[in-house]
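Residue-level listing of the chains:
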Amino acid sequence: MCLTSNKNILQISLMFLVLGLALAALISCSPADQRLISNNSWESVDSPNLSPIESQETNQLLPIIQGDKYGYIDSTGQIIIEPQFNEAGFFSEGLAWVRIGGKNGFIDKTGQIIIEPQFDRASSFSEGRAAVGIGGKMGYINKTGKLVIPPQFNTTYRFSEGLARVAINGKWGYIDKTGKIIIQPHFHKARDFSEGLALVRLGKQSGYIDKTGQFVIESPLSLDRNFSEGLAVVRSGVEWGYIDKTGQIAIDLQFRQAFDFSEGLAAVVTGPPIREGPLEMTDVTWGYVDKTGQMVIKTEFDKVEDFSEGLAAVAVGEKWGYINKSGQIIIEPQFDFASEFSQGLAWVTIDSKSGYIDNTGRYIWSPKN
């Protein structure tokens, strides 16, 4: 995926975030908008400079749009930083990227500019580093704005577990926070490290490597996702299941589609395949299984998101609401889109306008604002 305009980036990011702490530059496609098999492809899951789903930091400030300017509210809906920026991202590690004119810089939670707008592109901070673009190349700055890793990469990703994946001449490897290459770029595809392992592809073979770059799990099955809560999605043909960190099957291949575990549950599609190949979203309904593979929320939802803070966004028809872990609807389907919860808040849209709700469904910032 290539970096696009930051305004489009924020609009897309807001649609699929969990109020995550560093969604700034790009966002991957949601299950809501992808064909099932292609959704788990490398291309749809991966996005440069994307931070994975993480909790928004305490005392969060949330970006809003009034007119054509971006500002920030607190968790009560009070405007803390007046709308004044051309574009803006979420706060991460105390700073948020903003766009003033044609350049990106960073502000603190008082709205003061801490790092002057000077970058063509910018992502949120992760582990003390933020990826920035200068003249068509990507590098990294620290929180003082010092360029600690000079722009030299075509594509960069966030730091995760001390390493960041970068592309050099079309091949993927990993660097540390000084810019030193730790794992030589030679993979055709690569993912962030998660739970000590990273999924990579070399030729037609996929597997999981450790931080020395050694393969620790190789499998004849198709490997599609990072480990989450000790399990990773695998598939063979049209059947999907999960492996553990020894590479052994933990949940039999029995689903028509499967996604990552979150808070002990994972979204899946059951039933016999209608046909081989990609399945359209209209073909299926979603439910949730536990780590034994038992269905605990039956497949009856048209679209789903992960559980977060005990609730999951689900769609019935074209409208989104929220269920609890018993599958009970807690917030009635009424939104055009609904994100996961973080720090008690979730982002929702109605008629292309955005707002924030609490876990009772009460607006703290209405789409009418």
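Please read all numbers here as calculations on a predicted model, not as lab measurements.

Draft legend 1. Summary view of the overall build of the chain. Counting its secondary structure elements, the chain contains three helices and 35 strands. Each of the 369 residues in the chain was classed as buried or not, and the buried ones make up 55%. At a minimum sequence separation of 6, the contacts of the chain that also span at least 24 residues come to 40%. In the form shown here, the chain has an accessible surface area of approximately 14700 Å², with 49% of it arising from carbon and sulfur atoms.

Draft legend 2. Seen up close, the nonpolar core. Counting 22 residues, the largest nonpolar core has Y322, F335, Y356 and I357 as its most contacted members. Broken down by secondary-structure element, the contributors of at least two residues to this core are strand 1 (62–66), strand 29 (311–316), strand 30 (319–323), strand 31 (329–335), strand 32 (337–338), strand 33 (345–350), strand 34 (353–358) and strand 35 (363–365). Sort the elements by how many residues they give to this core and strand 33 lands first, with four residues. With residues up to four places along the chain from it excluded, the contact list for F335 reads E318, K319, W320, Y322, V348, T349, I350, I357 and Y363. Residues L265, V284, F307 and I323 belong to the second largest nonpolar core, which totals 14 residues.

Draft legend 3. Just the sheet that holds strand 23 (residues 249–255), in detail. The four strands lie next to each other as 20-21-22-23, forming an open sheet whose pairing is antiparallel. Of all strands in the sheet, those bounded by a partner on one side alone are strand 20 (222–223) and strand 23. One ladder, built from five bridges, connects strand 21 (residues 232–236) with strand 22 (residues 239–243); its direction is antiparallel. Of the residues in strand 22, the one forming a bridge with R235 is W240.

Draft legend 4. Quick peek at the pattern of salt bridges. In total, this model carries 14 salt bridges according to the counting rule given. Between E87 and R99 there is a salt bridge, with the nearest N and O atoms lying 3.8 Å from each other. Here the residue E87 occupies a position in strand 4 (residues 87–88), and R99 occupies one in strand 5 (residues 96–100), the gap between them amounting to twelve residues. The two residues E87 and R99 agree in class, both being buried. Among the ionic pairs, K211 bridges to E161, the shortest N-O distance being 3.6 Å. Residue K211 is located in the loop between strand 18 (205–209) and strand 19 (215–218), and its partner E161 is located in the loop between strand 12 (155–160) and strand 13 (163–168); the two are separated by 50 residues in the primary sequence. Linked through salt bridges whose partners overlap, the residues forming this network are R158, R165 and D192.

Draft legend 5. Here's a closer look at the pairing of strand 24 (residues 257–262). Across the six residues that make up strand 24, a large majority, six, are buried. Here strand 24 hands over to strand 25 (residues 265–269) after two residues, with E263 in that stretch at a positive phi of 55°.

Draft legend 6. The pairing of strand 12, seen in detail. Buried residues dominate strand 12, accounting for six of its six residues. Here four bridges tie strand 12 to strand 13, and the two strands are oriented antiparallel to one another. Across the sheet, residue F159 finds its bridge partner in strand 13, namely A164. Hairpin connection, strand 12 to strand 13: the antiparallel pair is bridged by two residues, and E161 has positive phi, about 55°.

Draft legend 7. Region of interest: the packing of aromatic side chains. Counted according to the given criterion, the structure contains twelve aromatic pairs. Seen in terms of ring centroids, Y157 and W172 are 5.5 Å apart; in terms of plane orientation they differ by 70°. Their pairing is edge-to-face. Residue Y157 is located in strand 12, and its partner W172 is located in strand 14 (residues 171–175); the two are separated by 15 residues in the primary sequence. Since its relative accessible area comes to 4%, Y157 is described here as buried. Of note, K109 hangs over the ring of F91, and the distance from its end group to the ring centre comes to 5.9 Å. When the ring centre of F193 is taken as reference, the NZ or CZ atom of K211 above it lies at 5.9 Å.

Draft legend 8. A look at the environment of L61. Structurally, L61 is set in the loop between helix 3 (42–45) and strand 1. With relative accessibility at 5%, the residue L61 sits in the buried group. Spatially, the C-alpha atoms of L61 and I81 are 8.9 Å apart, while their sequence positions differ by 20 residues.

Draft legend 9. Spatial organisation of the confidence of the model for the chain. Residues at a pLDDT of 70 or more form 81% of the chain, whose mean pLDDT is 85. Here residues 1–56 is a poorly scored stretch, pLDDT under 50, and it has 192 contacts once near neighbours within four places are set aside; other chains count.

Draft legend 10. Here's a closer look at unusual backbone geometry. The backbone phi angle of E127 is positive, close to 55°, even though this residue is not glycine. For E127, the position within the fold is in the loop between strand 8 (121–122) and strand 9 (130–134). Overall, E127 belongs to the partly exposed group, its relative accessible area being 27%. In this structure, E229 is a non-glycine residue whose phi angle is positive, near 55°.

Draft legend 11. Structural detail: the sheet that holds strand 32. Taken in spatial order, the four strands make up an open sheet running 32-33-34-35, and their pairing is antiparallel. Across the chains shown, the open sheet's two edge strands, defined by having one partner strand only, are strand 32 and strand 35. With two bridges connecting them, strand 32 and strand 33 associate as antiparallel partners. Its bridge partner lying in strand 33, F337 is registered against T349.

Thresholds applied
Residues numbered from 1 in each chain as written. Predicted model: local features only at pLDDT ≥ 70, side-chain atom pairs only at ≥ 80, totals over all residues. Heavy atoms only, no water. Helix = DSSP H or I, 4+ residues; strand = E, 2+ residues; numbered from the N terminus. Buried < 20%, exposed > 50% of the residue type's maximum accessible area, 1.4 Å probe, protein only. Contact = heavy atoms within 4.5 Å. Areas by Shrake-Rupley, 256 points an atom, 1.4 Å probe, with all protein chains shown as cover. Core = buried A, V, L, I, M, F, W, Y, C linked by side-chain atoms within 4.5 Å. Pairing = 2+ DSSP bridges. Salt bridge = Lys/Arg side-chain N within 4 Å of Asp/Glu carboxyl O. Phe/Tyr/Trp six-rings, centres within 6.5 Å; stacked < 30°, edge-to-face > 60°. Lys NZ or Arg CZ within 6 Å of the ring centre and 35° of its normal. pLDDT = per-residue confidence, 0-100.

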